[in-house]
There are 2 protein chains.
Amino acid sequence: MCDTCGCSETKETKIIDVNQSLLKSNEEAADGNRRHFTEKGILAINLISSPGSGKTTLLEKTIESLHEHIAIGVLEGDIETELDEERIRAKGVPAVQLTTGGACHLESPLVHKGFHSLESQLKGKKLDVLFIENVGNLVCPSFFDLGEHIRVVLISVPEGHDKPLKYPKAIKTSQVLIITKSDLGPYFDFDIDKIKKDALSLNPSLNVLVTSAKTGAGMEEWFEFLKSMLNKGDFS
Amino acid sequence: MCDTCGCSETKETKIIDVNQSLLKSNEEAADGNRRHFTEKGILAINLISSPGSGKTTLLEKTIESLHEHIAIGVLEGDIETELDEERIRAKGVPAVQLTTGGACHLESPLVHKGFHSLESQLKGKKLDVLFIENVGNLVCPSFFDLGEHIRVVLISVPEGHDKPLKYPKAIKTSQVLIITKSDLGPYFDFDIDKIKKDALSLNPSLNVLVTSAKTGAGMEEWFEFLKSMLNKGDFS
């Protein structure tokens, strides 16, 4: 370390302390959220990915296919704008925008608040699944438990097959990896076997699905996964 | 706010205070870096984008085209792995990997340290351009000045044209927006006019370039931009 850096062990320690405290208070609120969702029989799913990997599109297609049989609600995380909430509402399901105002990830207290706001739209109707679409960011959201039962990470073909090794935390903390935009395979040097192998080496119990919202490839498998989770009943 | 959230105004204020202090100390180190680069006549460029938008590919193509006439050095930011440093070194230019060990963005002290390590590889040779490839993340890196003279943000066609409005900070703080993978235009509902309009509404002095590293489209314009900056001489 040199003087110009202004970087010392003491300062780093202080920052780590505050981050630990922030994570701890988020953790407590997350446990509260999870209890809340479980008691109400709602399966909560946290969707994490880079910007533009296809989270909102996955939700649109999921709603189109399952909406008639499964009651879906959505919390839409974004730094600014309500563009995604509008896309989801246009599909006829209740949605609440969670605007972080600059923050790079959702935290449990905001999810808790958003869920109460969503409930007020339901007029007593029971939800089966709550999707929480996180801020587009493959890094920070993986550090914050929101009280979900399942964490789903999306990586699109155009992003490249090297992403699991470069962003291991998102892979390690998720139960499902959805590879999106598989129809673009022919235009990229994207090695499906390699990404699967790398992801499973980080998290051997990960479910890996290869999908294209455009062609519909792999989407049935995703819907079946959701239905099997709901049929299982005990999400906790 | 409700009890389960555990979220209070006091706690938020404390976190904001620490973040402000972190940003301030980064700012001071950034000013030191910039002075350092300017005194040595090195143009420093900070590349920001989501994972997989094409930062490393842009660097590879830039090195291939300009390396013989312009002395280029690279600092490669990543959370884990040294995959990108290896790609850059394979092109024959000096590179140092900056591994953040979990952190979602580069900060100035690490850049300072990395630059000294890079200098030790140069054996007295003078650099013309220092590229600093940030961690793949469109959010957090935009809050941290690294002492660069120019900030370049990349958005790839597969990410979608709605990204400037959703991630305004990266657009507002950059001097150049490079739209990458333009060859994929036919496969996406990507509106070039809209992304340009939205980006310029946030930052009217932004230079917008539309490129494809695959076909070479727009790359000459990028090289010309770099050369014109170097010819100008005064980067500060």
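Described in the following lines is the structure provided in the data block. All values derive from a computational prediction rather than experimental measurement.

## Some details on the overall build of chain A
Part 1: Across its full length, chain A holds eight helices and seven strands.
Part 2: Over its C-alpha trace chain A gives a radius of gyration of 18 Å, about what one expects of a compact globule, namely 18 Å for 236 residues.
Part 3: Principal axes of the C-alpha set define a box for chain A whose edges measure 65 × 45 × 35 Å.
Part 4: Counting only residues that meet the buried cut, chain A has 54% of its 236 residues in that class.
Part 5: Intrachain contacts of chain A at a sequence separation of at least 6 include 73% that bridge at least 24 residues.
Part 6: Carbon and sulfur atoms form 51% of the exposed surface of chain A, whose accessible area is close to 9800 Å².
Part 7: Computed over 27 positive and 35 negative side-chain charges, the separation of the two mean positions in chain A equals 1 Å.

## Concerning the environment of Val 93 of chain B
Residue and element names in this part refer to chain B.
Part 1: In this fold, Val 93 is placed in the loop between helix 3 (83-89) and strand 3 (95-99).
Part 2: Residue class for Val 93 comes out buried when judged on its relative accessible area of 4%.
Part 3: For the pair Val 93 and Ser 25, spaced 68 residues apart in the sequence, the C-alpha separation amounts to 31 Å.
Part 4: Leave out the neighbours within four places in its chain, and Val 93 touches Ile 63, His 67, Ile 72, Val 74 and Ile 88.

## As for the relation of the copies chain A and chain B
Part 1: Of the transformation placing chain A onto chain B, the axial shift is 0.0 Å and the rotation is 180 degrees, giving an RMSD of 0.0 Å. The superposition operator between the copies reduces to a two-fold rotation axis.

So, how was this worked out
- Residue positions are counted from 1 within each chain, in the order its sequence is given.
- Written order determines the labels here, with chains lettered from A and ligands numbered from 1.
- Whole-chain, interface and lining totals are the exception, using all residues; otherwise, since this is a predicted model, local features are given only for residues with pLDDT of at least 70 and side-chain atom pairs are given and counted only at 80 or more.
- Computation of side-chain values: all heavy atoms of the structure, hydrogens and water removed.
- Helix numbering and strand numbering both begin at the N terminus, where a helix is a DSSP run of H or I of at least 4 residues and a strand a DSSP run of E of at least 2.
- Every radius of gyration here is taken over C-alpha atoms, with the globule rule written as 2.2 Å times N^0.38, N being the number of residues.
- Remark: exposure states derive from per-residue accessible area (1.4 Å probe, protein chains only) relative to the maximum for the residue type, with buried under 20%, exposed over 50%, and partly exposed in between.
- By the convention used here, residues are in contact when the closest approach between their heavy atoms is within 4.5 Å.
- Here the open area of atoms and residues is found with the Shrake-Rupley method and a 1.4 Å probe, where only the protein chains shown may cover a residue.
- Neither His nor the chain ends is counted toward charge; the positive residues are Lys and Arg and the negative residues Asp and Glu.
- Note that the charge is assigned to NZ on lysines, CZ on arginines, CG on aspartates and CD on glutamates.
- What sets the superposition is a least-squares fit of C-alpha atoms, and only residues with pLDDT of at least 70 in both copies go into it.

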